[in-house]
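The primary structure of each chain is shown beneath.
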Amino acid sequence: MNQIRALTLLALALGSASAAPAVLSLTATGKGYAGLGAVQAGHVQVNLKNASKTVVDIGFFRLRPGVTDAQFKAALLPVLMPTPQARDADYKLSKIADVLGGTVNALPGGSVSAVLHLTPGRYIIASTFIDETTHKAALSEGYFQPLTVTGPLLNNPPKPADYALKMVDYRFELPARVTPGTHTWHLSNSGQELHFAVIAKLLPGKTIKDVTMGGDGAGPPPLDFEHAVFSPALTSGQAQDLSLNLSAGTYAVMCFVRSKSGVEHAQMGMVQELRVK
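Residues numbered from 1 in each chain as written. Predicted model: local features only at pLDDT ≥ 70, side-chain atom pairs only at ≥ 80, totals over all residues. Heavy atoms only, no water.

A few words on the environment of Leu-274. With respect to the secondary-structure elements, Leu-274 resides in strand β17 (residues 271-276). Judged by relative accessible area, Leu-274 falls into the buried class, the value being 1%. Expressed as a C-alpha distance, the spacing of Leu-274 and Leu-118, which sit 156 residues apart in the sequence, is 29 Å. In contact with Leu-274, other than residues within four places in its own chain, are Leu-174, Pro-175, Val-178, Trp-185, Leu-246, Gly-249, Thr-250, Tyr-251 and Val-253. (Helix = DSSP H or I, 4+ residues; strand = E, 2+ residues; numbered from the N terminus. Buried < 20%, exposed > 50% of the residue type's maximum accessible area, 1.4 Å probe, protein only. Contact = heavy atoms within 4.5 Å.)

Now the structure itself:
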């Protein structure tokens, strides 16, 4: 009897360990996200296909109790389109919602994916993309939709990532060596404040000192922002996996979240060098 019980427990353990993340496949239609369905708490692989004519991403925001959709939208807009009067917008957003990550930008006709850990609660999924030409927020074009994540919490972790990028207050913990190509990165926030990572390659002849010193602002920036990677934001204690394709070169990793006082984290030391070779 004890042998049968031990074998049963072993089988259950193996089954739990081999469970893969659930899959949520969404399509950006130009009017919102299509494909939303029931989502159970646990690790979820989010696949986003962009069938629209504009760039779209997707962020997952778990609302705090008592926060309405309208209140959250009003708090998110000044984060995406900052004004001098809303210097503490990032801080205020973190007090009414937990930011659990999302995908990078999906170009028209393209697809992106990410693995998130979603806990039970009431969510808003929204695009954080701003069109620099029209100055329109994608969330105002229909990419702002409610989602309920239900329990119980599944034990379905993804495969271990190739590299880890940890964000703390106010620095990054980066791998000592990264090889070029497409790899899975585990992003986590072990700090107390909201953080995200911008990974931009240094232009020829430029060094990380050119970034940290700021320059006089008269010339072009020392970074290739056109091809930079903007990771989704994460609140304290959250983590996710992303697939990133980095070519050989030297990069600056930066966080531009603003503190309660309105100072960007990059100005507080959150700028570091990453070498890919």
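So, on to the nonpolar core. By size, the foremost hydrophobic cluster in this structure holds 82 residues, and its most contacted members are Leu-48, Phe-60, Phe-72, Leu-118, Leu-165 and Trp-185. Counting residues per element, this core draws most heavily on helix α2 (residues 69-80), at 5 residues. Excluding residues that lie within four positions of it along the chain, Leu-118 makes contacts with Val-39, Ala-41, Gly-42, Val-44, Phe-60, Leu-100, Tyr-123, Val-149 and Leu-153. (Core = buried A, V, L, I, M, F, W, Y, C linked by side-chain atoms within 4.5 Å.)

Aromatic ring pairs are described here by two measures, namely the spacing of the ring centres and the angle between the planes. Per the stated rule, a full pass over the model turns up 4 aromatic pairs. Relative to Phe-144, the ring of Phe-72 has its centre 6.1 Å away and its plane inclined at 25°; by these criteria the two rings are stacked. Of this pair, Phe-72 sits in helix α2 while Phe-144 sits in strand β9 (residues 144-150), and the two are 72 residues apart along the sequence. Residue classification places Phe-144 among the buried residues on the basis of a relative accessible area of 15%. Taken together, Phe-61, Phe-72 and Phe-144 form an aromatic cluster joined through their ring pairs. Above the ring of Phe-144, the side-chain terminus of Lys-73 is found at 5.2 Å from the ring centroid. (Phe/Tyr/Trp six-rings, centres within 6.5 Å; stacked < 30°, edge-to-face > 60°. Lys NZ or Arg CZ within 6 Å of the ring centre and 35° of its normal.)

Read from one edge to the other, the open sheet built from 8 strands follows the order β2-β1-β4-β7-β15-β12-β10-β11, with strand pairing classed as mixed. If you trace the sheet from one side to the other, it starts and ends with β2 (33-34) and β11 (171-173), each paired once. Strand direction decides the pairing type here: strand β1 (residues 22-28) and strand β4 (residues 42-50), joined by 7 bridges, are parallel. Within β4, the residue paired with Ala-28 across the bridge is Asn-50. (Pairing = 2+ DSSP bridges.)

On to the environment of Tyr-123, then. Locating Tyr-123 in the fold gives a position in strand β8 (residues 121-126). The class of Tyr-123 is buried, set by a relative accessible area of 0%. Along the backbone, Tyr-123 and Leu-24 are 99 residues apart, and their C-alpha atoms lie at a distance of 14 Å. With near-sequence residues (within four places) excluded, Tyr-123 lies in contact with Phe-60, Phe-61, Arg-62, Leu-100, Leu-118, Gln-145, Pro-146, Leu-147 and Val-149. A polar atom in the side chain of Tyr-123 sits 2.7 Å from the backbone oxygen of Thr-119. (Polar contact = N/O pair within 3.5 Å; in protein donor to acceptor, adjacent residues only side chain to side chain.)

A cis amide bond, omega 0°, links Gly-151 with the succeeding residue Pro-152. Summarising the element assignment, Pro-152 is placed in the loop between β9 and β10 (163-168). A cis geometry characterises the amide bond from Asp-169 onward to Tyr-170, with omega recorded as 0°. When you line up the elements, Tyr-170 lands in the loop between β10 and β11.

On to the pattern of salt bridges. By the definition in use, this model includes 8 salt bridges. Where Lys-92 meets Asp-88, a salt bridge forms, and the shortest distance between an N and an O atom there is 3.7 Å. Of the residues examined, Asp-88 reaches a relative accessible area of 22% and is grouped as partly exposed. The salt bridge partner of Arg-258 is Asp-90, with a shortest N-O separation of 3.4 Å. With Arg-258 in the loop between β16 (249-254) and β17 and Asp-90 in helix α3 (residues 89-96), the pair connects residues that are 168 residues apart, well separated along the chain. Among the residues examined, Asp-90 registers a relative accessible area of 6% and is labelled buried. (Salt bridge = Lys/Arg side-chain N within 4 Å of Asp/Glu carboxyl O.)

Turning to the side chain of Ser-259, a few remarks are in order. Structurally, Ser-259 is set in the loop between β16 and β17. Overall, the relative accessible area of 6% leaves Ser-259 in the buried class. Setting aside residues no more than four positions away along its own chain, Ser-259 makes contact with Arg-87, Asp-88, Glu-193, His-265 and Met-268.

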